[in-house]
Amino acid sequence: LGIPFIQEVVACTEAVKCTQSNTDVFLELGGEDAKLIYLTNGLEQRMNTACAGGTGAFIDQIATLLDTDAAGLNKLAEGAEKIYPIASRCGVFAKTDIQPLLNEGVRKEDIAASVFQAVVNQTIAGLANGRPIRGNVAFLGGPLTFLPQLRKRFIETLQLTDEQVLYSENGHYYVAFGAATGMGEANAMAIDE
């Protein structure tokens, strides 16, 4: 078809630059990858590599353990009162942390919020590597679009104000829009319309 290849990190970065020019940093969580892109003080693009820990696939896997789906996990997390430490590097390690909590009768609501906090911890530790995530932060990708309780855990952990949080109901389309449009600026403006 003669369509040029556009790498997903590049496509998402260009889509954000064209539609949310006041973004300093953005997080994009997908089904099997996570991206952290710094736009202020020099472009720096980071993406996880060999493992789906802390991504949508991880969330789906843990939701199944709790006899629900990702949306059900989000609903449970709304009623959380306490956060427990849970590994998110790997689903097997997370299950090893979660099963004893279930056996002890810990509320599923608390486990659900703890799973989301584990995703936050994995993303920050694995991708930020000590570089602060500051300024205006955009939240993109399916998990951060459809799971408001996951966004909430990021916002609280990063201590962001409402003004610093950039969110789009079309956040799960940014990579696709960036790739499909070839990122002509006029085309990119249609993302949030």
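Rules and cut-offs
Residues numbered from 1 in each chain as written. Predicted model: local features only at pLDDT ≥ 70, side-chain atom pairs only at ≥ 80, totals over all residues. Heavy atoms only, no water. Helix = DSSP H or I, 4+ residues; strand = E, 2+ residues; numbered from the N terminus. Buried < 20%, exposed > 50% of the residue type's maximum accessible area, 1.4 Å probe, protein only. Contact = heavy atoms within 4.5 Å. Polar contact = N/O pair within 3.5 Å; in protein donor to acceptor, adjacent residues only side chain to side chain. Axes fitted to C-alpha atoms, helices over the stretch in contact; angles between N-to-C directions. Parallel < 35°, antiparallel > 145°, perpendicular 65-115°, else oblique. Left-handed = near helix turned anticlockwise from the far one by under 90°.

Peer 1: Describe unusual backbone geometry, listing the residues and the values that go with them.
Peer 2: One non-glycine residue, Asp 67, lies in the positive phi region at around 60°. Mapped onto the elements, Asp 67 comes out in the loop between α2 (56-65) and α3 (70-77). On the basis of relative accessible area, Asp 67 is assigned to the exposed category, the value being 69%. In this structure, Gln 159 is a non-glycine residue whose phi angle is positive, near 55°. Looking at the secondary structure, you find Gln 159 in the loop between α7 (148-158) and β5 (165-167).

Peer 1: Any chance you could break down the environment of Thr 145 for me, citing the residues and the numbers?
Peer 2: Within the secondary structure layout, Thr 145 lies in helix α6 (residues 142-146). Overall, the relative accessible area of 6% leaves Thr 145 in the buried class. When the C-alpha positions of Thr 145 and Asn 170 are compared, they lie 7.4 Å apart, and in sequence the two are 25 residues distant. Sequence-distant contacts of Thr 145, that is, excluding residues within four places in its chain, are made with Arg 151, Tyr 167, Ser 168, Glu 169, Gly 171 and His 172. Polar side-chain contacts of Thr 145 include one of 2.8 Å to the backbone oxygen of Gly 141.

Peer 1: Would you mind going over the packing of α2 against helix α5 (residues 108-128) in detail, with residue names and values included?
Peer 2: Their axes nearest at 11 Å, the elements α2 and α5 cross at an angle of 160°. Taken together, α2 and α5 sit at an angle that is classed as roughly antiparallel. Of the two elements, α2 crosses α5, and the hand of that crossing is right-handed. Contact residues: Phe 58, Ile 59 and Ile 62 in α2; Val 115, Phe 116 and Val 119 in α5.

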